[in-house]
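Structural features, examined
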Amino acid sequence: MEMLQFMAAPLVACALLAGITAYLGIHIITRGVIFVDIALAQMAALGAAVALIFDYETNSVAGIVLSLLFTFGGALLIAWVRRLESNVPAEAFIGVLYVVGASLVILIMDRAPHGAEHIKELLVGQILWVNWSEVLRGAVVFAAVGLAFFLFHDKLYSITQKPETAREHPKQVFAYDMLFYALFGIVVTFSVRVAGVLLVFTYLVVPAMIASLLSRTGFLMKLLICWCVGLLISVIGISASYFFDLPTGASIVAGAGILLFISSIYKRWKISSLQ
């Protein structure tokens, strides 16, 4: 009962994060742009770092606006480079965007008071100390983004499933790609401030990877598996953090990695048993 009272807000925050990132993760895995999430998360962190330089708190209005602006800039670049994939893979551009963003954060934080602490905060977040007002704000934002994804799902998923469409209707695909990555950026911006870059990346990628391992069926089944996995790793990580006095974000990431390893072994065993 004591754990539930102390960990209720972090658990609900993780559940909300797992809920919205499940949808995004399936798109990312299918598109093969695995590092787009961590690149956009790094751009959001860069915006937060700039806010700190100007003495704005990361959770202030100015801090959120700066993070959104940098994330939207990254989204625009990613949508644009997808049109150049015939020459260079989009993943290469995304990797460069990530390392440049990370380097800029280090350069900025090197000049900021307590820069090392801020870098750690941007990486691992403060999910343990999230309050109910932040949870409510995140719920409203994620609900609005989720509604937008629901309204445009058919077009977005069609582009994800059939990348060759990009060559047939480049302008239309660019517009929908920009919409997808901009909505993605909103989710990342509001998530990184609380959960940190590493935890956001984990929620986006690991549940979708496990869903792809366990199911070859349609989108809805994969989405349900992602939700279940996200909730499971949240409960495991937060429980381990509480009972063993471990960092919460790192516990969730480690739990996700273990669950992915177990799923891989199960998938391999299942394939071997059918041969």
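Quick caveat: nothing in here was measured; it's all calculated off a predicted structure.

The helix and strand tally for the protein stands at 11 helices and zero strands. Secondary structure of the protein in N-to-C order comes out as α-α-α-α-α-α-α-α-α-α-α. Taking all 275 residues of the protein together, 47% fall into the buried category. Taking as baseline every contact in the protein between residues at least 6 positions apart, the subset at least 24 positions apart corresponds to 79%. Summed over all atoms, the accessible surface of the protein reaches about 13,800 Å², with 70% contributed by carbon and sulfur.

Count 3.6 residues to each turn of an α-helix, and residues three or four apart come out pointing the same way. Its 21 residues place the ends of helix 4 (residues 90-110) 30 Å apart at the C-alpha level, agreeing with the 30 Å of an ideal helix rising 1.5 Å per residue. Taken residue by residue, helix 4 has Ala-90, Ile-94, Leu-97, Gly-101, Ala-102, Val-105, Ile-108 and Met-109 as its buried positions. Each buried residue of helix 4 lies within a common arc of 130 degrees when the element is viewed along its axis, so the set occupies one face. Facing away from the buried side of helix 4 by over 90 degrees, the exposed positions are Ile-106, Leu-107 and Asp-110.

When pLDDT is averaged across the protein, the result is 83; 88% of the residues are at 70 or more. Between the elements of the protein, mean pLDDT differs from a low of 58, seen in helix 8 (residues 165-168), to a high of 92, seen in helix 6 (residues 132-151).

Looking now at the side chain of Glu-134. With respect to the helices and strands, the residue Glu-134 is situated in helix 6. Salt bridges are absent for the buried Glu-134, whose nearest opposite-charge side chain, Arg-137, sits at 4.6 Å. Discounting chain neighbours no more than four positions away, the residues touching Glu-134 are Asn-59 and Trp-129.

The description of an aromatic ring pair rests on the distance of the ring centres and on the angle between the ring planes. For the structure on display, the rule yields nine aromatic pairs. When the centroid spacing of 5.4 Å and the interplanar angle of 75 degrees are considered together, the rings of Tyr-23 and Phe-219 count as edge-to-face. Taken as a pair, Tyr-23 in helix 1 (residues 2-31) and Phe-219 in helix 10 (residues 219-244) lie far apart in primary sequence, 196 residues in all. Among the residues examined, Tyr-23 registers a relative accessible area of 10% and is labelled buried.

As a further point, take helix 2 (residues 36-53). Between its terminal C-alpha atoms helix 2 stretches 26 Å, which fits the 26 Å expected from 18 residues at 1.5 Å a residue. With respect to burial, helix 2 is a largely interior element, 17 of its 18 residues being buried.

Criteria and cut-off values
- Residues numbered from 1 in each chain as written.
- Predicted model: local features only at pLDDT ≥ 70, side-chain atom pairs only at ≥ 80, totals over all residues.
- Heavy atoms only, no water.
- Helix = DSSP H or I, 4+ residues; strand = E, 2+ residues; numbered from the N terminus.
- Buried < 20%, exposed > 50% of the residue type's maximum accessible area, 1.4 Å probe, protein only.
- Contact = heavy atoms within 4.5 Å.
- Areas by Shrake-Rupley, 256 points an atom, 1.4 Å probe, with all protein chains shown as cover.
- Expected span 1.5 Å × (residues − 1).
- Arc of directions from axis to C-beta.
- pLDDT = per-residue confidence, 0-100.
- Lys, Arg positive; Asp, Glu negative; His and termini not counted.
- Salt bridge = Lys/Arg side-chain N within 4 Å of Asp/Glu carboxyl O.
- Phe/Tyr/Trp six-rings, centres within 6.5 Å; stacked < 30°, edge-to-face > 60°.

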